[in-house]
Amino acid sequence: MSTFQAPKGTYDLTPPRSATFLAVREAISAPLRDSGYGYIETPGFENVELFARGVGESTDIVTKEMYTLTTKGGDQLALRPEGTASVLRAALEGNLHKAGNLPVKLWYSGSYYRYERPQAGRYRHFSQVGAEAIGTEDPVLDAELIILADQAYRSLGLRQFRILLNSLGDKECRPAYREALQTFLRDLDLDEETRRRIEINPLRVLDDKRADVQKQLTGAPKLRDHLCDACKTYHEEVRALLTAAGVAFEDDEKLVRGLDYYTRTTFEFVHHGLGSQSAVGGGGRYDGLSEMIGGPALPSVGWALGVDRTVLALEAEGVELDLPAPTSVYAVPLGEEARRVLFGVVTELRRAGVAADFAFGGRGLKGAMKSANRSGARYTLVAGERDLAEGVVQLKDMESGEQSAVPLAEAVAELTKRLG
Ligand code: ATP
Ligand code: MG
């Protein structure tokens, strides 16, 4: 073991498991790429103020979980704890919303950082794939995003997830509800910090995971009874579109999410197999966020799916992704001359688009064949001095075990043909 270990709450992704992570990122982004979402990449850190204003001063993310730092130049930065604020900042800065084509549809994939108490499915460095549709208020857009996330999970083979759906109202109806809720909450037996939360963001008290708090919340005024007509109609439309698309969801009026910027549609994907860290992804509409960070009114909706927890969900369901073997041809040279010749063949194969690997380090036949097996290659090329003298290489089909001599000059063409 080396002197150094990965920092607390982080882990390394190494082969072969890392291949699953790549496949999950690919599977989540594929439906987005096919639906008009363009790729965006933003810095891993931002001005701390962006998150304070964008995510919300009273959220756990900002008060407890953010990695902040002061640069040598005196700038206050934070490692990004989430993607939406950065993406919206970048869209505004790049004037993407003025290019005349709304909504601006973007997808991203990257690392996020939260100083959390590490546990299964909860890390300090984790990875998300996300999508944002900026600048349009249209229930079809909310439905589109939920349908695409559902499609992504299904394409991976996940089945045991549920979609929780709620509406948080808007600036018309939420204030009255907020007050009604505050009045109710102030009478409860709650700790100091939660009492403070009642005054800053009472809806988030509904999200409290503690059983004793949840028990006291029965009988709390329901947002559903306070939604204005516009919000009700909007939400009914989203629900109808999901139903028409055959996407099953559950109404969950307690779903408020841990970020301040959400309005109207909010949703979460939860998975049975994950214990208490059951959320694999979530999102919603954030019609006020642009103005909160100094932009024009740009009603928007988005989601972020956690790659780490999606992989855990796959493992919990026992889903094995059908990943193609990384190597198709493995070359085993016996002797110096064969090393040069077979490495030439491997280079040619690679240039022809065939995934090929090589027994490095001049190992004996037995060890090299073991590596060939482990590589998952369909074919092995073996050549020794006698083969080269005859101008051939031995081509072994690793599935059938059959072996035949192939003229060296035809090896690449033969393999390309066989591998289709
Ligand atoms: P939770 O309620 O579990 O803390 P969250 O509401 O903070 O989740 P979001 O901010 O909505 O999570 O992030 C979207 C997704 O990113 C989550 O559903 C989850 O899959 C993933 N995620 C969030 N925080 C972490 C973390 N610390 N470690 C691993 N994955 C995470
Ligand atoms: Mg969290």
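Residues numbered from 1 in each chain as written. Chains lettered and ligands numbered in written order. Predicted model: local features only at pLDDT ≥ 70, side-chain atom pairs only at ≥ 80, totals over all residues. Heavy atoms only, no water.

Student: Tell me about unusual backbone geometry, and name the residues and values.
Tutor: Pro16 follows Pro15 through a cis peptide bond whose omega is 5°. Here Pro16 is to be found in the segment before helix H1 (17-33). Omega for the bond connecting Leu102 with Pro103 falls within 30 degrees of zero, at 0°, which places this linkage in the cis form. Relative to the helices and strands, Pro103 is located in the loop between helix H4 (84-93) and strand E5 (104-113). Of note, Asn95 is a non-glycine position whose phi angle comes to about 55°, a positive value. Structurally, the position occupied by Asn95 is in the loop between H4 and E5. Of the residues examined, Asn95 reaches a relative accessible area of 37% and is grouped as partly exposed. (Helix = DSSP H or I, 4+ residues; strand = E, 2+ residues; numbered from the N terminus. Buried < 20%, exposed > 50% of the residue type's maximum accessible area, 1.4 Å probe, protein only.)

Student: Explain the packing of helix H6 (residues 174-186) against helix H7 (residues 192-200) to me, using residue names and the numbers behind them.
Tutor: Between H6 and H7, whose axes approach to 9 Å, the crossing angle comes to 160°. Taken together, the axes of H6 and H7 are roughly antiparallel relative to one another. Judged by the sense of rotation from one axis to the other, the crossing of H6 with H7 is left-handed. When H6 is examined against H7, the residues Arg178, Gln182, Leu185 and Arg186 are found in contact with a partner set consisting of Arg195, Ile198, Glu199 and Ile200. (Axes fitted to C-alpha atoms, helices over the stretch in contact; angles between N-to-C directions. Parallel < 35°, antiparallel > 145°, perpendicular 65-115°, else oblique. Left-handed = near helix turned anticlockwise from the far one by under 90°. Contact = heavy atoms within 4.5 Å.)

Student: So, the domain arrangement of the protein chain: which residues are in play, and what are the values?
Tutor: Here the protein chain is partitioned into domain 1 (17-173 + 227-317) and domain 2 (329-418). If you average the C-alpha positions of domain 1 and of domain 2, the two centres end up 47 Å apart. (Domains from an automatic or database assignment.)

Student: Explain the pattern of salt bridges to me, and be specific about the residues and the numbers.
Tutor: Taken as a whole, this structure holds 33 salt bridges when the rule is applied. Among the salt bridges present, the one from Glu250 reaches Arg162, with a minimum N-O distance of 2.8 Å. Of the two residues, Glu250 sits in strand E8 (residues 250-251) while Arg162 sits in strand E7 (residues 161-167), which places them 88 residues apart along the sequence. You can call Arg162 partly exposed: its relative accessible area is 31%. (Salt bridge = Lys/Arg side-chain N within 4 Å of Asp/Glu carboxyl O.)

Student: I'd like to hear about the site of ligand 1, residue by residue, with values.
Tutor: Arg114, Glu116, Tyr123, Arg257 and Arg309 are the nearest of the 15 residues found near ligand 1. Here an oxygen atom of ligand 1 and a side-chain polar atom of Gln128 are 2.9 Å apart. In the environment of ligand 1, an oxygen atom lies 2.9 Å from a nitrogen or oxygen atom belonging to the side chain of Arg309. About the coverage of ligand 1: the protein hides 90% of its 580 Å² of free accessible area. Taken together, the elements giving at least two residues each to the shell around ligand 1 come down to strand E6 (125-134), strand E10 (279-285) and strand E11 (300-306). Of all the elements, E10 adds the most residues to the shell around ligand 1, at 3 residues. (Near = heavy atom within 4 Å. Polar contact = N/O pair within 3.5 Å; in protein donor to acceptor, adjacent residues only side chain to side chain. Areas by Shrake-Rupley, 256 points an atom, 1.4 Å probe, with all protein chains shown as cover.)

Student: Can you explain helix H12 (residues 336-351)? Please cite residues and give values.
Tutor: Over its 16 residues, H12 extends 23 Å from the first C-alpha to the last, a length consistent with the 22 Å expected when each residue adds 1.5 Å. Inspection of H12 places Ala338, Leu342, Val345, Val346 and Leu349 among the buried residues, and these make up the whole buried set. For H12, the arc enclosing every buried residue in end-on projection is 100°, short of the 170-degree limit, so these residues lie on one face. Residues Arg340 and Arg351 are exposed on H12 and point more than 90 degrees away from its buried face. Of the surrounding elements, those touching the buried residues of H12 are strand E12 (329-333), strand E13 (356-358), strand E14 (379-383), helix H14 (385-389), strand E15 (392-397) and helix H15 (411-418). (Expected span 1.5 Å × (residues − 1). Arc of directions from axis to C-beta.)

Student: Break down the pairing of E12 for me, citing the residues and quoting the values.
Tutor: Along E12, 5 of the 5 residues are buried, which leaves the element largely enclosed by surrounding structure. Across 3 bridges, E12 lies against E13 in parallel orientation. Paired with Tyr330 across the two strands is Asp357, which belongs to E13. Crossover connection from E12 via H12 to parallel E13: handedness right-handed. (Pairing = 2+ DSSP bridges. Right-handed = clockwise from strand over helix to strand, strands pointing away.)

Student: Would you mind going over the packing of aromatic side chains in detail, with residue names and values included?
Tutor: Tallied over the entire structure, the rule returns 12 aromatic pairs. When the ring of Tyr153 is compared with that of Phe161, the centres are 5.3 Å apart and the planes differ by 55°; the resulting orientation is tilted. Considering the side-chain rings of Phe161 and Phe269, the 6.2 Å spacing of their centres and the 45° angle between planes classify their relative orientation as tilted. A residue pair is termed long-range when its members are at least 10 positions apart, and Phe161 in strand E7 and Phe269 in strand E9 (residues 263-271) qualify at 108 residues. (Phe/Tyr/Trp six-rings, centres within 6.5 Å; stacked < 30°, edge-to-face > 60°.)

Student: I'd like a rundown of the sheet that holds E15, residues and numbers included.
Tutor: Taken in spatial order, the 5 strands line up as E13-E12-E14-E15-E16 in an open sheet, and their pairing is mixed. Lying at the two open borders of the sheet, with one neighbouring strand each, are E13 and strand E16 (403-407). Taken over all neighbouring pairs, the strand axes of this sheet differ in orientation by 25° on average, direction set aside. In this structure, E12 lies alongside E14, joined through 5 bridges in parallel fashion. When the bridges of E14 are listed, Val332 appears paired with Val382. Packing of helix H13 (residues 365-375) onto the sheet brings it into contact with E12, E14 and E15, and relative to E12 it is tilted by some 175°.

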